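# Summary of structural features
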Amino acid sequence: MNLKVLLPFKVFADKHDVLRIVAVTSEGAFGLLPRRRDCVASLSAGILVYETAAEGECYIAVDEGVLVKTGGNVQVSVRNAIAGMSLEYLRAAIETEFEQLDEQEQKVRTVLAKIESGLIHHLVEFHHD
């Protein structure tokens, strides 16, 4: 099989001669082998596992997304992905990524609160005029 992992702004991974793939959905994990029927699945955030003869078993932490299998091609489209050869590396990378996202989310919420209060202030002034 050919596996392509797509992010909104680039092709994250393009792997050929993939022997098997394991993906995670809200219903649980499922596996893909080369002769499995075509399918579409909504992916949950989790670990995507694939295996090639050259690299062995590899792991990619993925955000929510969609998996589409057509013939020998599997395309995974997700918002974010982190690759790693070991699960320990992925765990540390994911924790760091989530900390950064939490900080960014906090900043965005602060800015939105300021915009909202400014808008309400202007509406009150407009109403009094």
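Look up: the structure comes first, before these words.
Below is a summary of the structure that appears in this document. (Residues numbered from 1 in each chain as written. Predicted model: local features only at pLDDT ≥ 70, side-chain atom pairs only at ≥ 80, totals over all residues. Heavy atoms only, no water.)

Right, let's get into the environment of His127. Secondary-structure assignment places His127 in helix H1 (residues 87-128). For the pair formed by His127 and Val62, sequence separation is 65 residues and the distance between their alpha carbons is 49 Å. (Helix = DSSP H or I, 4+ residues; strand = E, 2+ residues; numbered from the N terminus.)

What follows is about the nonpolar core. Leu3, Ile21, Leu48, Leu67 and Val76 are the most contacted members of the largest nonpolar core, which has 23 residues in total. Elements represented by at least two residues in this core include exactly strand S1 (2-6), strand S3 (18-25), strand S4 (28-32), strand S5 (39-43), strand S6 (46-52), strand S7 (56-62) and strand S9 (73-78). Not counting residues within four places of it along the chain, the set of residues in contact with Leu48 comprises Leu3, Val5, Ile21, Val22, Ala23, Cys58, Tyr59, Ile60, Val62 and Val76. Among the nonpolar cores identified, the runner-up in size contains six residues, and Tyr59, Ile82, Leu90 and Ala93 belong to it. (Core = buried A, V, L, I, M, F, W, Y, C linked by side-chain atoms within 4.5 Å. Buried < 20%, exposed > 50% of the residue type's maximum accessible area, 1.4 Å probe, protein only. Contact = heavy atoms within 4.5 Å.)

This paragraph deals with unusual backbone geometry. Of note, the phi angle at Asp17 is positive, near 55°, even though the residue is not glycine. When you line up the elements, Asp17 lands in the loop between strand S2 (11-15) and S3. Assessed through its relative accessible area of 61%, Asp17 is described here as exposed.

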